[in-house]
Amino acid sequence: MSTVKITGQPRDSFGKGAARTTRRAGLIPAVIYGRGSEVVHVALPERELVLALRKSRVVFEVELAGKSYVVAPRDVQRDPVRRVIEHLDLILIDRAEVETRAAEAQAMAVAEAAAVEAGLDPIAAALLVEDAVAHGESAADAASHAVSDMEHSAEARADAAEHAADAADAAGTAEAAGSSATEA
C-alpha cells in the first residue's frame, strides 16, 4: 500500500512572505480540510513530500501535534517555471477510501508491468486504468484488459494509416493517369 507517514509542523503565519520563509526552511506549506472539520494549516518536509508524491494514489498519515490525519493530495500547486511544489491541499479521507486508493494503485502497477512486458507505454496503461475507474469500472477489471485495449487501439491506428496510404497512392495514380491523358 502507498501510505506514507510524514510529520508536519503547525503553521500560524500566512501570506506570500510567510510561505516563502517556510519554503526556504525546506518545508512546504499545506492545508488539511474536509469532512466538516476546521482547516488545519501545516508545513511538511519538502524532500519527503516530493518523494511520496511520485507514488500513484499516495495516502499520507500526517502527524501533527500528537494528532494523526489520514489525507490524500487534492491539489498540488507548482511554480510554472521551476516546477517546485509551492503549496499542497490535502483532503481528509476515511479507511474505506484508503483501501480503494490502494487497490487502484495496485491495479495501475499491474497494468504498467503488463504494458512494459508487451512493449507498450506503461504510463498510457496507467491512464487507461484511471479512466476506466473514473467511469465506474473496478480497478482489477480495468487492469486486466488495459494492455489488450492498447493493442487493439494500436492495430486500429495502423489500419487507418494503411488505408490512408492506400488512398493517397490511389489518388496519386489517378492524378498521374489524368495528367498523361491531357498531354496526349
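Up top you'll find the structure we're talking about.
These numbers were taken from a predicted model, which means no experiment stands behind them.

Thresholds applied
Residues numbered from 1 in each chain as written. Predicted model: local features only at pLDDT ≥ 70, side-chain atom pairs only at ≥ 80, totals over all residues. Heavy atoms only, no water. Helix = DSSP H or I, 4+ residues; strand = E, 2+ residues; numbered from the N terminus. Rg over C-alpha atoms; globule rule 2.2 N^0.38 Å. Buried < 20%, exposed > 50% of the residue type's maximum accessible area, 1.4 Å probe, protein only. Core = buried A, V, L, I, M, F, W, Y, C linked by side-chain atoms within 4.5 Å. Contact = heavy atoms within 4.5 Å. Pairing = 2+ DSSP bridges. Arc of directions from axis to C-beta.

**What about the overall build of the protein chain?**
The number of helices and strands found in the protein chain is five helices and seven strands. Computed over C-alpha atoms, the radius of gyration of the protein chain comes to 25 Å, more than 25% over the 16 Å expected from 2.2 N^0.38 for 184 residues, which places it beyond the range of a compact globule. Along the three orthogonal principal directions, the C-alpha set of the protein chain runs to about 90 × 40 × 30 Å. Looking at the protein chain as a whole, 34% of its 184 residues qualify as buried.

**With respect to the nonpolar core**
Judged by nonpolar contacts, the single largest core of 21 residues is most densely connected at Ile-32, Leu-44, Phe-60, Val-62 and Leu-90. Of all elements in the fold, only strand E1 (3-7), strand E3 (27-34), strand E4 (37-45), helix H2 (46-52), strand E5 (59-64), strand E6 (67-78) and strand E7 (85-92) reach the threshold of two or more residues within this core. Among the elements that take part in this core, E7 stands out by supplying four residues, more than any other. Residue contacts for Leu-44: discarding those within four places in its chain leaves Ile-6, Gly-8, Gly-26, Leu-27, Ile-28, Ala-30, Leu-49, Val-62, Leu-88 and Leu-90. Counting residues in each nonpolar core, the second largest holds 15 residues, with Ala-125, Val-129, Ala-146 and Val-147 among its members.

**Notes on the pairing of E1**
The side-chain alternation of E1 yields one buried face, formed by Val-4 and Ile-6, and one unburied face, formed by Thr-3, Lys-5 and Thr-7. Note: E1 against E5, five bridges, orientation parallel. Bridge pairing links Ile-6 to Val-62 in E5.

**With respect to the environment of Ala-114**
Structurally, Ala-114 is set in helix H3 (residues 95-117). Of the residues examined, Ala-114 reaches a relative accessible area of 29% and is grouped as partly exposed. C-alpha separation for the pair Ala-114 and Glu-97, spaced 17 residues apart in sequence, amounts to 26 Å.

**Let's talk about helix H1 (residues 16-24)**
Buried residues of H1: Ala-18, Ala-19 and Thr-22, and no others. The buried residues of H1 occupy one face: seen down the axis, they fall within an arc of 100°. Exposed side of H1, more than 90 degrees from the buried face: Lys-16 and Arg-24 are the residues found there. Looking at the buried residues of H1, the elements they touch are E3 and E4. One or two positions beyond H1, positive phi appears at Gly-26, with a value near 85°.

Fair warning: the whole summary comes from geometry, so function is off the table for now.
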